[in-house]
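A look at the structure
In case you want the letters, here they are:
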Amino acid sequence: MSKVLILGSGGREHALAWWFDQYGCNVSVAPGNAGTEELLGDNVNIDPNDFEAVRRFAMGKGIDLVVPGPDALVVNGIVDYWREYDLADDLGIHIFGPSKEGAALEGSKILGMKFARRHGIPVPDFVAFDSHDFNTNLHEATKYLGRFIAENRIGAPLVLKADGLCEGKGVAVCDTPGEVLAAIKELPRFGAAGEDFILEDRLRGDEASITVITDGKEYRMFHPSTDHKRRFDNDKGENTGGMGVYAPTKVVPPKLERMIEREIVKPTIRGLRKDGIDYKGVLYLAIMVQDGQPYLIEYNCRFGDPETQAIVPLIDADPFDTMMDCIHGRLGKHPFKRRDAYSCSVILVHKDYPAKRSRGRRIDIKELPESMDDVVVFHAGTMAKKGRVYTNGGRILAVTAVSEDGHAAAIRRAYQQVEDIRFKDRDYRHDIGRSAL
Ligand code: AMP
Ligand code: GLY
């Protein structure tokens with residue numbers, strides 16, 4: 001039986017663990033949550049950022065494959081660390097993901113956008129402020145924004161992005177030069193990650209997430225999906241880590257998906273090869289569609305959260321074979337099929353998320369009725385204590401439903417199950433996937 005170690009503790013990691021478990025793998029999750037504990041009974045109490053501890057555990061347990069969940073692990077070089085110790089060649093312990101050099105597409109927004117532009121991939125126009133000195137950048141940006149005012153262009157529909165990883169909080173969508181400047185002045189709170197930044201033209205359109213798995217040459221695409229990032233119904237409120245996903249998204253019908261494949265996916269994989277980067281792993285592309293043209297707005301080098309909770313249940317493929325084939329440069333050896341089905345994943349949060357987290361509130365989940373065996377409750381911020389489940393985070397659970405009967409059926413099933421889950425100060429969006437109906 002293949003032994004897999006998944007690193008992380010969110011809904012994405014529970015969904016990945018569930019996927020491996022469906023195919024009979026022996027899965028451990030570090031550190032995991034109450035859901036992975038319940039599913040596998042094998043949470044590992046180590047910090048995934050401690051590569052040394054991960055290596056020791058993997059060696060001791062005879063792990064075959066390690067799958068890092070969060071961005072920081074690959075961006076900080078866990079895959080390079082693995083190579084340094086020859087863990088794959090010497091011990092047969094493989095790790096799935098790009099090297100630090102490849103993961104820099106996500107680790108540095110400036111590097112990612114410059115890479116895309118250099119390889120002819122459609123991106124919004126942008127100016128990078130990358131002197132590595134915040135005050136110099138601020139000075140240059142002030143001059144740049146001054147031109148908008150001098151030319152009497154009242155609006156400056158610009159998006160400010162901190163260059164480094166800011167846990168999803170480094171983006172400000174602005175309407176005026178004043179707003180942009182105020183947002184720039186906030187960047188030092190992110191430390192080194194906010195030293196350099198980029199100003200992008202603000203696009204108007206619908207968003208989609210494209211998840212691709214690649215061995216550096218071949219690739220396979222999951223169903224395109226749409227996350228709902230704003231906190232409240234009808235896209236009101238602030239940006240969050242994601243409040244729910246549906247797939248396949250109507251934002252990307254088949255013809256547009258082929259266009260994205262042609263104009264963004266293929267040139268990215270080709271570009272990486274041309275630049276001498278051996279990229280094996282996930283490429284998750286954030287796309288915005290304006291007037292029928294897809295633009296890349298961000299590269300991510302790992303699975304999305306909560307996208308994973310909605311797209312993994314729609315795939316017929318053994319994840320162990322798929323990821324090992326990626327690592328060995330032979331993707332396509334085993335079947336990877338997209339099901340002709342629909343999914344909706346609703347995130348349950350604490351009512352004050354994202355400002356506040358919930359801790360220690362008991363969660364009651366009613367048994368799933370038989371007719372709802374195509375619903376899975378993925379855990380995110382939960383913990384188990386003496387056989388009971390408690391809240392432990394901002395995003396608590398992801399309820400995913402799958403149906404072959406269309407979007408409406410998947411959405412209905414997801415919300416039926418949501419109603420049967422109780423905890424104090426529970427909240428969720430009521431309109432996940434509604435735009436598809
Ligand atoms: P990101 O962290 O890059 O995914 O950005 C967070 C959110 O900011 C995205 O989901 C978009 O809604 C918005 N955004 C990012 N880039 C742009 C852009 N160029 N134009 C308009 N909105 C954007
Ligand atoms: N869905 C947002 C993220 O994973 O970054």
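No experiment lies behind these values; they were computed from the predicted model shown.

1. What to know about the pairing of strand E19 (residues 342-350)
Judged by how many residues are buried, E19 sits mostly within the fold: 8 of 9 residues are covered. Relative to E19, strand E14 (residues 244-247) is paired through 4 bridges, and the arrangement is antiparallel. Looking at E19, one finds that valine 245 is bridged to serine 345. Across 8 bridges, the pairing between E19 and strand E25 (residues 395-403) is antiparallel. The partner of valine 346 across the bridge, within E25, is valine 399. By the bridge criterion, 2 bridges tie E19 to strand E27 (residues 426-427) in an arrangement that is antiparallel. Bridge pairing links histidine 350 to arginine 426 in E27.

2. Examining unusual backbone geometry
Of the consecutive residues aspartate 305 and proline 306, the connecting peptide bond is found in the cis state with omega at 20 degrees. As for its position among the elements, proline 306 is in the loop between strand E16 (293-300) and helix H12 (307-311). Residue proline 354 is bonded to the preceding tyrosine 353 through a cis peptide linkage, with omega at 5 degrees. Positive phi values are uncommon outside glycine, yet histidine 132 reaches one of about 65 degrees.

3. Quick notes on the packing of aromatic side chains
One pass over the structure, following the stated rule, counts 12 aromatic pairs. With a centroid separation of 5.9 Å and 90 degrees between ring planes, the pair formed by phenylalanine 222 and phenylalanine 303 is classed as edge-to-face. With phenylalanine 222 in the loop between strand E10 (219-221) and strand E11 (226-227) and phenylalanine 303 in the loop between E16 and H12, this pair connects stretches of sequence that are 81 residues apart. A residue is classified by how much of its surface remains accessible, and phenylalanine 222, at 1% relative accessible area, is buried. Taking relative accessible area as the criterion, phenylalanine 303 reaches 3% and is therefore assigned buried. Their ring planes at 45 degrees and their centres at 6.0 Å tell us that tyrosine 415 and tyrosine 428 sit as a pair that is tilted. In this pair, tyrosine 415 sits in helix H14 (residues 407-419) while tyrosine 428 sits in the segment after E27, placing the two residues 13 residues apart along the sequence.

4. Considerations on the packing of helix H7 (residues 100-107) against helix H8 (residues 109-118)
Remark: H7 packs on H8, axes separated minimally by 6 Å, with the N-to-C direction vectors making an angle of 100 degrees. On the basis of the axis angle, H7 is roughly perpendicular to H8. Where H7 abuts H8, its residues Ala104, Leu105, Glu106 and Gly107 lie against Lys109, Leu111, Gly112 and Phe115. For the contact of H7 with H8, a count of residues per class yields 4 nonpolar, 2 polar and 2 charged.

5. Some remarks on the site of ligand 2
Near ligand 2 you find Asp227, Gly241, Tyr284, Arg302, Gly304, Asp305, Pro306 and Glu307, and these make up its full shell. Between an oxygen atom of ligand 2 and a side-chain N or O atom of arginine 302, the distance comes to 2.8 Å. Take glutamate 307: an N or O atom from its side chain is 2.8 Å from a nitrogen atom of ligand 2. Protein coverage of the free-state accessible area of ligand 2, which is 200 Å², stands at 83%. Of the residues contributing to the shell around ligand 2, the split by class is 2 nonpolar, 2 polar and 4 charged.

Conventions we followed
Residues numbered from 1 in each chain as written. Chains lettered and ligands numbered in written order. Predicted model: local features only at pLDDT ≥ 70, side-chain atom pairs only at ≥ 80, totals over all residues. Heavy atoms only, no water. Buried < 20%, exposed > 50% of the residue type's maximum accessible area, 1.4 Å probe, protein only. Helix = DSSP H or I, 4+ residues; strand = E, 2+ residues; numbered from the N terminus. Pairing = 2+ DSSP bridges. Phe/Tyr/Trp six-rings, centres within 6.5 Å; stacked < 30°, edge-to-face > 60°. Axes fitted to C-alpha atoms, helices over the stretch in contact; angles between N-to-C directions. Parallel < 35°, antiparallel > 145°, perpendicular 65-115°, else oblique. Contact = heavy atoms within 4.5 Å. Nonpolar A, V, L, I, M, F, W, Y, C, P; charged D, E, K, R; others polar. Near = heavy atom within 4 Å. Polar contact = N/O pair within 3.5 Å; in protein donor to acceptor, adjacent residues only side chain to side chain. Areas by Shrake-Rupley, 256 points an atom, 1.4 Å probe, with all protein chains shown as cover.

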